[in-house]
Amino acid sequence: MIATYQINQQRLWSSLQKLATFGASENISEEGITRLSLQKEDLAARKYVIELMKEAGLSVKVDVVGNIIGSLKGVDQTKPIVMTGSHIDTVYQGGRFDGALGVLGAIEAVRSIKESGIKLQNTIEVVSFTDEEGTRFGTGYIGSKAMAGELDETILQLRDDEGVSYEEAFCQAGFQPERYKEAIRNKEAIKAFIEMHIEQGKVLEGNNLAIGIVTSIQGPVWMEVTFEGHADHAGATPMNMRYDSGLAMAEVMLDVEKIATQYGGVGTVGKLRIEPGGVNIIPGISKFSIDLRHIDKTKRIDMVYKVREAIHQVSNKRGVSAKVDVKKSVDPKVCSPKVMEAIEEACHQLDQPTMKLQCGAGHDSLIMANITEMGMIFVRSKDGISHHPKEWTDTEDCAIGTQVLFNTLVNLAQ
């Protein structure tokens, strides 16, 4: 019965397309979806997710930091819960599937379990976590960190580009950020956490596979660097008399590439700002982000050290001051052998070929691994494109991933 009961592919696809309308531009295939945490588009999407959970027959609650939790009660309420889910917030001009498939696929899987008549011993919870991406305030995993007891209250003072603080955004959305500790979950109360997510890479596609089993997840370090030099006239200031913060930034950008390559990790500068920003003014202030990742924590520490060293050297060389703020630092994690085994068994039950692979992107699973057994199901991404309007996962692959999730949940909760 486990292997033969099918999730509703069309219902899943319809929900994915409906969620994509929240925050979508008129030309979604070119300009994508912008659904930043706690902004009106996100708040509207949250209402839709809550409605969908209720339609699925789940009991729904929203905790003090906005995590949406839908529960399907198990036969034995004394047993720890099995949890699944992801997030629905996006980056600027993001795609339809990142995070969304993990939430809506989980709702569909649990809805199908209920419809199948399968009685599970453990309660299953579907969670839509608050602000995984960190796009609006510069730091992410807010909902999962709160649940894991790792949220630092200093994040409440961070401000977005409009000057709104995280605390203000929470309050405007009707949440109670000062009570964030009430979101903490007891480790003994959670048996496992499983996250389904699009791969955001080309490994599965290159191996002609719809599904992959994640073995480990790279942990990101996000740094914000500010160089301050002197803004002068572009025509009247000789080259040897300049304190150009823009050129300092350019040098460090190239250093990030060299260091990441040297250590076998990845490094990205994705957000830049120059002031005053005039075509005929030497940049006085340059501010930019650095994202460093590695599966090996020791090597990532070395990468961070080398980047800091490069910033210091460039600062001295060009006579500009430098300030470095670490916005996010999450250790890499290894997936639970027990959860990987449950996913592998699900694939076997469905005669679904699969493979094991590493994960290069950060996910709420990184945080949940600190309080429970954690695993991830990857679903094939077309051309490996993600965080982009052209992000795409075929209807059939979404359904296959959700069916694997269905069987995995049953394997863990029966």
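Below, the structure is looked at part by part. This structure is a prediction, so every number in the text was calculated from the model and none was measured.

Formed by 80 residues in total, the largest nonpolar core has its most connected members in Leu16, Leu19, Ile107, Ile194 and Leu409. In terms of nonpolar packing, the next biggest core, distinct from the first, is built from 22 residues, Ala248, Val252, Leu292 and Ala310 among them.

It is worth spelling out unusual backbone geometry at this point. Here the amide bond leading from Glu275 into Pro276 is cis, since omega sits at 5 degrees, within 30 degrees of zero. Tracing the chain through its elements places Pro276 in the loop between strand 9 (272–275) and strand 10 (285–294). The phi dihedral of Leu38 is positive, around 70 degrees, even though this residue is not glycine. You can see Leu38 is positioned in the loop between helix 2 (28–31) and helix 3 (40–55). Positive phi, close to 50 degrees, is recorded for Gln93, a residue that is not glycine. Taking the relative accessible area as the measure of exposure, Gln93 reaches 42% and is therefore partly exposed.

Note on placement: His197 falls in strand 5 (residues 190–198). The contacts of His197, once residues within four sequence positions are left out, are Ser86, His87, Asp98, Gly99, His363, Met376, Ile377, Phe378 and Val379.

Moving on, we come to the packing of helix 3 against helix 4 (residues 100–116). A pair of packed helices is characterised by two quantities: the angle between their axes and the separation of those axes. Across the interface, helix 3 lies against helix 4 with an axial gap of 10 Å and an inter-helix angle of 15 degrees. With respect to helix 4, the axis of helix 3 lies roughly parallel. In this structure, the crossing between helix 3 and helix 4 has a hand that is right-handed. Contacts from Val49, Leu52, Met53 and Glu55 of helix 3 reach helix 4 at Val103, Leu104, Ile107 and Arg111. Residues of the contact of helix 3 with helix 4, tallied by class, amount to 6 nonpolar, no polar and 2 charged.

Let's shift gears to the packing of helix 10 (residues 337–349) against helix 12 (residues 395–413). Across the interface, helix 10 lies against helix 12 with an axial gap of 8 Å and an inter-helix angle of 120 degrees. If you check the angle between helix 10 and helix 12, you find them oblique. Both helix 10 and helix 12 take part in a crossing whose hand is right-handed. The residues of helix 12 that touch helix 10, namely those facing Ala342, Ile343, Glu345, Ala346, Cys347 and Gln349, are Val404, Asn407, Thr408, Asn411 and Leu412. Taken together, the residues of the contact of helix 10 with helix 12 break down into 6 nonpolar, 4 polar and 1 charged.

So, about the environment of Thr261. Within the secondary structure layout, Thr261 lies in helix 8 (residues 245–263). Considering only alpha carbons, one finds Thr261 and Met303, 42 residues apart in sequence, at a separation of 9.9 Å. A distance of 2.8 Å separates a polar side-chain atom of Thr261 from the backbone oxygen of Glu257.

Before going further, it helps to spend a moment on the state of the cysteines. Disulfide: a covalent bond formed between the sulfur atoms of two cysteine residues. On inspection of all chains with the given rule, the structure shows 0 disulfides. With no disulfide of its own, Cys347 has Cys335 as its nearest cysteine by sulfur position, at a separation of 14 Å. Using a relative accessible area of 2% as the deciding quantity, one classes Cys347 as buried. Between Cys359, a free cysteine, and Cys335, which holds the nearest cysteine sulfur, the sulfur-to-sulfur gap is 7.9 Å. By relative accessible area, which is 1% here, Cys359 ends up buried.

Thresholds, definitions, all that
- Residues numbered from 1 in each chain as written.
- Predicted model: local features only at pLDDT ≥ 70, side-chain atom pairs only at ≥ 80, totals over all residues.
- Heavy atoms only, no water.
- Core = buried A, V, L, I, M, F, W, Y, C linked by side-chain atoms within 4.5 Å.
- Buried < 20%, exposed > 50% of the residue type's maximum accessible area, 1.4 Å probe, protein only.
- Helix = DSSP H or I, 4+ residues; strand = E, 2+ residues; numbered from the N terminus.
- Contact = heavy atoms within 4.5 Å.
- Axes fitted to C-alpha atoms, helices over the stretch in contact; angles between N-to-C directions.
- Parallel < 35°, antiparallel > 145°, perpendicular 65-115°, else oblique.
- Left-handed = near helix turned anticlockwise from the far one by under 90°.
- Nonpolar A, V, L, I, M, F, W, Y, C, P; charged D, E, K, R; others polar.
- Polar contact = N/O pair within 3.5 Å; in protein donor to acceptor, adjacent residues only side chain to side chain.
- Disulfide = S-S within 2.5 Å.

That's the geometry; what it means functionally is another story.
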